[in-house]
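Understanding the architecture of this molecule
What follows is each chain in one-letter form.
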There are 2 protein chains.
Amino acid sequence: MAVQKPSIPKGTRDFGQKEMAERNYIFDTIKSVFRTYGYSQIETPAQENLSTLLGKYGDEGDKLLFRILNSGDAFSGIDYESFRNEDGSYNSKALSLKTCEKGLRYDLTVPFARYVVQHQNELSFPFRRFQIQPVWRADRPQKGRYREFYQCDADVIGSKSQINELELVQIVDRVFTLFGINVLIKINNRKLLTGFAEIAGFPDKVVDITVAIDKLDKIGLDAVKEEMKERGLTDEAIAVIEPILGLSGTTAEKIATMRSMMNGQSASGLVSEAGLKGCDELEELFGFIEAAGVKQAVEIDLSLARGLNYYTGAIFEVKALDFPIGSICGGGRYDNLTGIFGLPDMSGVGISFGADRIYDVLKGLEKFPAGLTTSTTLLFANMDRAAVAYVIPVARALREKGISCEIYPDSTKLKKQFDYADRKAIPFLSIVGGDEIAAGVVNVKNLSSGEQKQFAKDDIEGIVAFLR
Amino acid sequence: MAVQKPSIPKGTRDFGQKEMAERNYIFDTIKSVFRTYGYSQIETPAQENLSTLLGKYGDEGDKLLFRILNSGDAFSGIDYESFRNEDGSYNSKALSLKTCEKGLRYDLTVPFARYVVQHQNELSFPFRRFQIQPVWRADRPQKGRYREFYQCDADVIGSKSQINELELVQIVDRVFTLFGINVLIKINNRKLLTGFAEIAGFPDKVVDITVAIDKLDKIGLDAVKEEMKERGLTDEAIAVIEPILGLSGTTAEKIATMRSMMNGQSASGLVSEAGLKGCDELEELFGFIEAAGVKQAVEIDLSLARGLNYYTGAIFEVKALDFPIGSICGGGRYDNLTGIFGLPDMSGVGISFGADRIYDVLKGLEKFPAGLTTSTTLLFANMDRAAVAYVIPVARALREKGISCEIYPDSTKLKKQFDYADRKAIPFLSIVGGDEIAAGVVNVKNLSSGEQKQFAKDDIEGIVAFLR
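This section reports on the structure supplied with the text. Keep in mind it's a predicted model, so treat the numbers as computed, not measured.

**Considering the environment of Asn382(B)**
Residue and element names in this part refer to chain B. Here Asn382 lies in the loop between strand E12 (378-380) and helix H14 (385-400). Each C-alpha atom, one on Asn382 and one on Ile431, is 7.5 Å from the other, the two residues being 49 residues apart in sequence. For Asn382, the contacting residues outside a window of four places in its chain are Val388, Tyr408, Pro409, Asp410, Ser411, Thr412 and Gln417. Separated by 3.1 Å, the side chain of Asn382 and the backbone oxygen of Pro409 make a polar contact.

Laid out in structure tokens, this is it:
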């Protein structure tokens, strides 16, 4: 066979020892916090039936699904001519449905909904689960955007209580505090966005209004107003919404102002029941947040709208305060996620940590703990076969105490063995030769301090103490 | 959208909380042992270029690869008529190559070889890595055979020393000792199989001889001899091999007998250099194994031949002694794994743990440790909003001490909340109402012993001690 120059598909990555240690630190920290909040881990298969995935992420999402060719004779029995478009090309979308029944997981939320419905009789509700697995999207790769990346989600389903929202905020608070990253947790409520549209007199323009005000930070107030106008809002409607965009004061003051507006005190005089409900929910949530003593900054952001398609209550977004990067965590409440799979009226709320961006922040701020990546503590140099046979039981006893050690497998030049220890940053070295064997001892040297100690061959506790 | 009855592709599985806890126990145990032997974790992408995968697993393996449809317009620009077979059907193999450039990882060995070649300048050799990731095979699903399953591999590459073989044996020994599973570790050497063919005078019939003697356990000596004859061996050649098949005695005696046979003392009088080298390697390895004090049973099995296609030295296979299931771990040495990717002369040796079968053995022998799956330690019942606000800081402080707790999110009937604790087997319950709030205390009840204790609200250490 011809020699191939090896490569991996674009948008995918190999993770070496160092990155794995750093990524495991991220996942382990998040997992440990999820667990203290009673969330337990599940895993779902990488492949889902396309019928489970299609139509859940919009037309754009459908295009980004990786489809798996049916095994066996996928291409026979198809009348290709009947799949011609008018311009003579083939209808790839229709042909992909003929040849592919499965696709790769696009996120963890839809598989979670599918899981809950499929296993509903085995689960105790409210059901809390976390899931940390890769997802795949056939997106155009670019800096920070990959075709395979891990998601790290916690969701609870089967409870409408704001306690769930609180606990997700607490999880975010705790995780980033453990990471040593200062964040701002922004919170909104989809019912308020509905309320804006209702008191503006355009209840069917929630999406238009939201898309426009979502850009406030980037394009400024005048441009937002212009966009709302282009999207069909009247000057009167915009005049109702404008005061909301400039809302200042404490959280309590903001909620009080919104409540009075939703209650008929805006320029339109219209009342929004949804908006009032949104105020109730936010008020309750912020009351809980105060009782909990959340350490990180939390604020209401009325322009926050992520994932408008399915959020129905709280909306969360987390940004790092000291590092310029997009959202590093987000989520919200969805009232009917499992409806599409036949289980209606299940309200859920969840968050998703963006592992790749958190990695970049920890790297950028140099917040990874020291010593994460040292895999081997002690290297036994290889002098000859007799010396190796002598140290094998010592190495074994140390390993059973949890010490990571290596015996250099080949009896090559010591220089080469030292270089190996050096390149792998192994902190301790043991060189045992005929003299040590005769004396029944083992030498261990701390390569950074230069300190060297001699131990009886069976003084495993002594060696362990020196290595720690 | 119409309601769908949810399902997952055949041969794939969901893992719920309990199975995840049990599977994590398996993986964590294996990982901890890998680490003490200086193996460090890497991960490679689920998708590899088909050019990396094709031709590495034989024709049968190529058919079992899951192929990923190219994104975008995968079906245009193809002249389907030119892909017709003579019988009018389409050539699916050729069409799949036109429409699919990527496939799902089929094992961890080929991605490892690709990784080593691609990253050779960043690695320190001998390079030890472990990798625990799912692989996918479009095999016909049946009991115990899945289309998605985890492999759990450790390999070292860049050293020919038998120390590496020893350490893999020690890893196997330690892992199954930690699991409490008694195993038999069977060892052979491919060079001996070559030697059998050479001293029998049929050096080109290694595969035929091996395939036949591999069946010794199942079909018995006479049938094996018959099969060798059918495969073209003469009676004289079979007479050379027959004594090997009945070899008994200690390991040292077996090696001594084989050495003399390979050295011209068989009926043919032929000498096999490969066979002698195989004897040297086995002798050295068993010498190391004796020095190391391996606890589990280890024996030479001259009929062992797994993965004959690429093993060139040691061959390992591990069977559970007290549970009837196939091999639960296996591996061997391969001298030219990275050659196909342009890096010749790199010898490596590795093992792979079969997580699904180990799961079945642990389950069947009831060896999973107790208490693996309790995710939540303490449930705070939800009496009302005031009581919840009162326990929120208590729950938070306990969580920061690593205690997993839940506040029941809805203030429903206590019966329902108790049932929830019962179904989730949560061992401790706290019910806080107006009296406790007035007294500044928290009650905690051990649900199995019935013992109940009252703590000052801020006596977190006291509560933690009661929970442990």
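**Some details on the sheet that holds strand E9 (residues 314-320) of chain A**
Residues and elements named next belong to chain A. What the eight strands build is an open sheet, ordered E1-E5-E6-E11-E10-E9-E7-E8; its pairing is mixed. Of all the strands in the sheet, the pair left with one neighbour each is strand E1 (40-41) and strand E8 (297-300). Both E9 and strand E10 (residues 329-334) contribute to a ladder of four bridges, which runs antiparallel. Within E10, the position partnered with Ile315 by the bridge is Gly332. In the packing of helix H1 (residues 17-36) onto the sheet, contacts are made with E1, strand E5 (127-136), strand E6 (148-157) and strand E11 (348-354), and the angle to E6 comes to roughly 5°.

**Overview of the sheet that holds strand E5 (residues 127-136) of chain B**
Residues and elements named next belong to chain B. Reading across from one edge, E1-E5-E6-E11-E10-E9-E7-E8 is the order of the eight strands in this open sheet, with mixed pairing throughout. Of all strands in the sheet, those bounded by a partner on one side alone are strand E1 (40-41) and strand E8 (297-300). Contacts from helix H7 (residues 190-199) reach strand E7 (183-189) and strand E9 (314-320), with the element oriented near 50° to E7.

**Examining the side chain of Glu317(A)**
Positionally, Glu317(A) belongs in strand E9. For Glu317(A), a relative accessible area of 11% puts it in the buried group.

**A few points about the pairing of strand E4 (residues 100-104) of chain B**
Residues and elements named next belong to chain B. Burial runs high along E4: four of the five residues are buried. Where strand E2 (residues 47-49) and E4 come together, three bridges link them in antiparallel fashion. Looking at the pairing, Glu48 lines up with Gly103 of E4. Of the strand pairs in this sheet, strand E3 (residues 67-69) and E4 are connected by three bridges, and their pairing is antiparallel. By the bridge assignment, Arg67 is partnered in E4 with Gly103.

The rules behind these values
Residues numbered from 1 in each chain as written. Chains lettered and ligands numbered in written order. Predicted model: local features only at pLDDT ≥ 70, side-chain atom pairs only at ≥ 80, totals over all residues. Heavy atoms only, no water. Helix = DSSP H or I, 4+ residues; strand = E, 2+ residues; numbered from the N terminus. Contact = heavy atoms within 4.5 Å. Polar contact = N/O pair within 3.5 Å; in protein donor to acceptor, adjacent residues only side chain to side chain. Pairing = 2+ DSSP bridges. Axes fitted to C-alpha atoms, helices over the stretch in contact; angles between N-to-C directions. Buried < 20%, exposed > 50% of the residue type's maximum accessible area, 1.4 Å probe, protein only.

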